[in-house]
Amino acid sequence: MEPALEIARIAKHEGKKVALKGWVHNKRSSGKIRFVLLRDGTGIIQCVFLKEQVPEQAFELADSITQESSVEISGTVREDKRSPGGYELSGSDLKLISLAEPYPITPKEHGVDFLMKHRHLWLRSQRQFAILRIRSELIKAFHDFLDDSGFILCDTPILTPAACEGTTTLFNVDYYGEPVFLTQSGQLYNEPLCAALRKTYCLGPTFRAEKSKTRRHLTEFWMLEPEVAFLDLEGCMDLAENLVAYAVGRVLERRSPELGILERDLSKLEAVKKPFPRITYTKAVELLKSKGRNLKPGDDFGAEDETILGQSFDRPVLVHRYPAPVKAFYMKRDRSDPNLALAVDMIAPEGYGEIVGGGQREDDLKELEKRIKEHDLPRQAFEWYLDVRRYGSFPHSGFGLGIERTVAWICGVHHIRETIPFPRMLEKIYP
RNA sequence: UCCAGCGUAGCUCAACUGGUAGAGCAUCCGGCUGUUAACCGGAGGGUUACAGGUUCGACUCCUGUCGCUGGAGCCA
């Protein structure tokens, strides 16, 4: 079978007779004329059938065909301003490949629960088409940026013996009778990898068994985690800023039609230029207090705090030097104030919250041993991790970037469930 | 896990202070030669989530169960 012509490339075939394969997105009729909106996964084109110009069978089929039936349509490509997309197909024939049963998702409105139960079909809609194409572009942009910067992609394991940041939020797996966990982060593995390859990153699914039920949470989400040897906190912030600014620029450059489908306010994305504001945790608390938030020193930010912080700037803001107790055990302490961790979060504008979390890692063996003890972590499970400090320790930094939250922000979609094809959420695993 | 709200036709919703179930879309039939979520006419479609209670009478009030939505904490 020859690969069918794609609607996305139809403009190159203007005036020519072509055959398209796809699904019936919608149809309309008026007397002796039939309009079939053909969707082929790359785009949508309106096909027009006139009773006198097509075989009787084809004309009748254009009438009786059901939404999402698969068809082959032949006709002549014609520029037409009346048609969405600018091009139209003067249909000469319509052949049925498979007749669809009555399709549950109609062009009218539907509720969230209904759409989520039909997620496998919902993916065919224009909005999801746009979001998934932007997601793909964003991930491609991350790979390109890191590759061009000399990073080596290193995949980290999904089955892990120990918790990265505490055991309460892990999914358990039976591993030949041994209890192991689905990974929560590739971070601990990235650290030895960056001693081998200097600049490394991983991109993969991570799992959190948190009982979180908000628009910002999934139990399975994808995380991009770069880790760099001989990089301090400031360098880590530079990297995060460069990466995000580049990726947003790429989406603007290559996916503006999709942003248009989503009716995204482009000026909000165009503002995302370097430099991003950088404020300390202490300054951030002052800012929040000035806006009426009641925070005690040492408190971590709540969802509302993050929203306010994000809305205070027209581009992502980097908040650094957090109180050590609210951050992970492996964060290096600030030499000028040991109560502070050399950690950084990037908070997206428009209330999308934290999209990046990371910082400089503790590279002193004694300090790290102390932290493991303080956090009541199983020391033995971390021996290999401590080896990174035993054999030529070095300052290093890195972060994790949440793919879905970033996609949600760039797309301007309200809920993270739309940013991944098949979202896994609290007690929701079908389809 | 906690707090709040919701559950009526395939879908989205309506039904006053408790008075006996209704609209649009979808489906089916018919009409229309340029439709844009097309439109117009007609038809079929209901154990009002489930179980119990109060009442002459329950979609409506009460109790419980289940499901969903939004939010919180935790986090990316």
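Procedures and definitions
- Residue numbers here run from 1 along each chain, matching the order of that chain's written sequence.
- Chains and ligands are labelled sequentially in the order written, the chains with letters from A and the ligands with numbers from 1.
- In keeping with the predicted nature of the model, local features appear solely for residues at pLDDT of at least 70, side-chain atom pairs appear and are counted solely at 80 or more, and the whole-chain, interface and lining totals rest on all residues.
- Working from all heavy atoms in the structure, the side-chain values ignore hydrogens and water.
- Here a helix means four or more residues in a row that DSSP labels H or I, a strand means two or more in a row labelled E, and each is numbered from the N terminus.
- The criterion used for residue contact is that any of the two residues' heavy atoms lie within 4.5 Å.
- Throughout, the Shrake-Rupley method with a 1.4 Å probe supplies accessible areas, and for residues the shown protein chains are the sole cover considered.
- The axes are straight lines fitted to the C-alpha atoms, using for helices just the contacting stretch, and the angles between their N-to-C directions are given from 0 to 180°.
- Under this scheme an angle from 65 to 115 degrees is roughly perpendicular, one under 35 degrees roughly parallel, and one over 145 degrees roughly antiparallel; angles in between are oblique.
- By definition, any crossing whose near helix is turned counterclockwise from its far helix by less than a right angle is left-handed, and any crossing with a clockwise turn is right-handed.
- Here the term charged refers only to Asp, Glu, Lys and Arg, the term nonpolar to Ala, Val, Leu, Ile, Met, Phe, Trp, Tyr, Cys and Pro, and the term polar to all other amino acids, Gly among them.
- For each residue, the test is whether any non-hydrogen atom lies within 4 Å of the molecule or strand; if one does, the residue is near.
- Think of a polar contact as two N or O atoms within 3.5 Å of one another; within protein, one of them needs to be a possible hydrogen donor and the other a possible acceptor, and neighboring residues in sequence only count if both atoms come from side chains.
- Think of it this way: DSSP has to see at least two bridges between two strands before they count as a pair.
- A side-chain nitrogen of Lys or Arg and a carboxyl oxygen of Asp or Glu constitute a salt bridge if their distance falls within 4 Å.
- Buried residues are those whose accessible area, probed at 1.4 Å on protein chains only, stays under 20% of the maximum for their type, while exposed residues exceed 50% and partly exposed ones sit between those limits.
- How far each domain reaches was decided by an automatic or database domain assignment.
- By convention, the term buried area covers the 1.4 Å-probe accessible surface removed from two parts as they join, with the contributions of both added.
- Points on a 1 Å grid over protein atoms alone make up a cavity when a 1.4 Å probe fits among them but cannot get out, and a pocket when they form an open set with protein on both sides within 12 Å along at least five of seven lines; lining residues each have an atom within 4 Å of a point.
- Grid points are joined across faces, edges and corners, and a volume is the space filled by probe spheres set on the points.

### A closer look at the overall build of chain A
Scanning chain A from N- to C-terminus turns up 13 helices and 17 strands. For the C-alpha atoms alone, the extent of chain A along its principal axes is close to 85 × 55 × 40 Å. When contacts within chain A are restricted to residue pairs at least 6 apart in sequence, those whose partners lie at least 24 apart make up 66%. Element-wise, carbon and sulfur atoms account for 52% of the exposed surface of chain A, whose accessible area totals about 21000 Å².

### Remarks on the packing of helix α4 (residues 126–148) against helix α13 (residues 403–411)
Contact geometry of α4 with α13 gives a least axis separation of 10 Å together with a crossing angle of 120°. With respect to each other, α4 and α13 are oriented oblique. Judged by the sense of rotation from one axis to the other, the crossing of α4 with α13 is right-handed. Contacts between α4 and α13 involve I131, I134, R135, L138, I139 and F142 from the first element and I403, E404, T406, V407, I410 and C411 from the second. Split into classes, the residues belonging to the contact of α4 with α13 amount to 9 nonpolar, 1 polar and 2 charged.

### Some thoughts on the protein's contact with RNA strand B
The full set close to RNA strand B counts 51 residues, and N26, R28, S29, E88 and R405 are the nearest of them. Close to the protein, within 4 Å, the atoms of RNA strand B belong to sugar or phosphate groups at a rate of 45%. Contact between RNA strand B and V356: a sugar or linking oxygen at 3.2 Å from a main-chain N or O atom of the residue.

### Notes on the sheet that holds strand β9 (residues 178–182)
Read across the sheet, 3 strands follow the order β7-β9-β8 without closing on themselves; strand pairing throughout is antiparallel. Looking at strand neighbours, the two that pair on one side only are β7 (159–160) and β8 (172–175), the edges of this open sheet. Where β8 lies against β9, 4 bridges are found, and the strand directions are antiparallel. Paired with Y175 across the strands is E178, a residue of β9.

### A look at the pattern of salt bridges
If you walk through the whole model with that rule in mind, you get 37 salt bridges. Between D363 and K332 there is a salt bridge, with its nearest N and O atoms 3.6 Å apart. Highlighted residues: D363 in the loop between β16 (353–360) and α11 (365–374) and K332 in the loop between β13 (317–323) and β14 (333–334), separated in sequence by 31 residues. In this structure, D363 and K332 share a single accessibility class: buried. Note that R371 and E374 form a salt bridge whose closest N and O atoms lie 3.5 Å from each other. Note that R371 and E374 are positioned in helix α11 at a spacing of 3 residues, about one turn of the helix.

### Topic: the sheet that holds strand β2 (residues 33–39)
Spatially, the 5 strands close up into a barrel ordered β1-β2-β3-β5-β4, and their pairing is mixed. Across the sheet, the mean angle separating the axes of adjacent strands is 55° when strand polarity is ignored. For strand β1 (residues 17–30) and β2, the ladder comprises 7 bridges, and the chain directions are antiparallel. Bridge pairing in β2 links S30 to I33. Relative to strand β5 (residues 87–98), helix α1 (residues 56–64) is tilted by about 85°, and along the sheet it contacts β1, β2, β3 (44–50) and β5.

### Observations concerning the packing of helix α9 (residues 281–290) against helix α10 (residues 303–311)
The N-to-C vectors of α9 and α10 enclose an angle of 95°; their axes lie 10 Å apart at closest approach. Classified by the angle their axes make, α9 and α10 are roughly perpendicular. Of α10, the residues touching α9 (which contributes A284, L287 and L288) are D305, I308 and L309.

### Section: the domain arrangement of chain A
Each assigned domain of chain A is listed here: domain 1 (7–98) and domain 2 (119–419). A separation of 46 Å is found between the C-alpha centroids of domain 1 and domain 2. For the domain 1 and domain 2 pair, buried surface summed over both sides reaches about 430 Å², with 52% attributable to carbon and sulfur atoms. At the junction of domain 1 with domain 2, the criterion picks out 1 salt bridge. Between E68 and R124 there is a salt bridge, with its nearest N and O atoms 2.9 Å apart. Counting across the domain 1 and domain 2 interface gives 1 residue pair in polar contact (both at pLDDT 80 or more). A breakdown of the residues in the side of domain 1 that touches domain 2 according to their chemical character gives 2 nonpolar, 3 polar and 2 charged.

### Quick look at empty space enclosed by the protein
Once rolled over the atoms, a probe with the size of a water molecule shows which space is left empty. Under the criterion given, the structure shown has 4 cavities of 30 Å³ or more. Lining the second largest cavity are R215, R216, Y352, R405, A408, V413, H414, H415 and I416. Within the lining of the second largest cavity, the residues separate by chemical class into 4 nonpolar, 2 polar and 3 charged.

### Here we look at the side chain of D80
Looking at the secondary structure, you find D80 in the loop between β4 (70–79) and β5. There is a polar contact of 2.9 Å between the side chain of D80 and the side chain of R78. Residues within four places of D80 in sequence aside, it is in contact with G86, Y87 and E88.

### Looking at the pairing of β3
The element β3 is extensively covered by neighbouring structure, given that 5 of its 7 residues are classed as buried. The pairing of β2 with β3 spans 7 bridges and is antiparallel. Opposite F35, over in β3, you have V48 as the bridge partner. Here β2 folds back onto β3, and the loop between the two strands holds 4 residues, one of which, G41, carries a positive phi near 90°.

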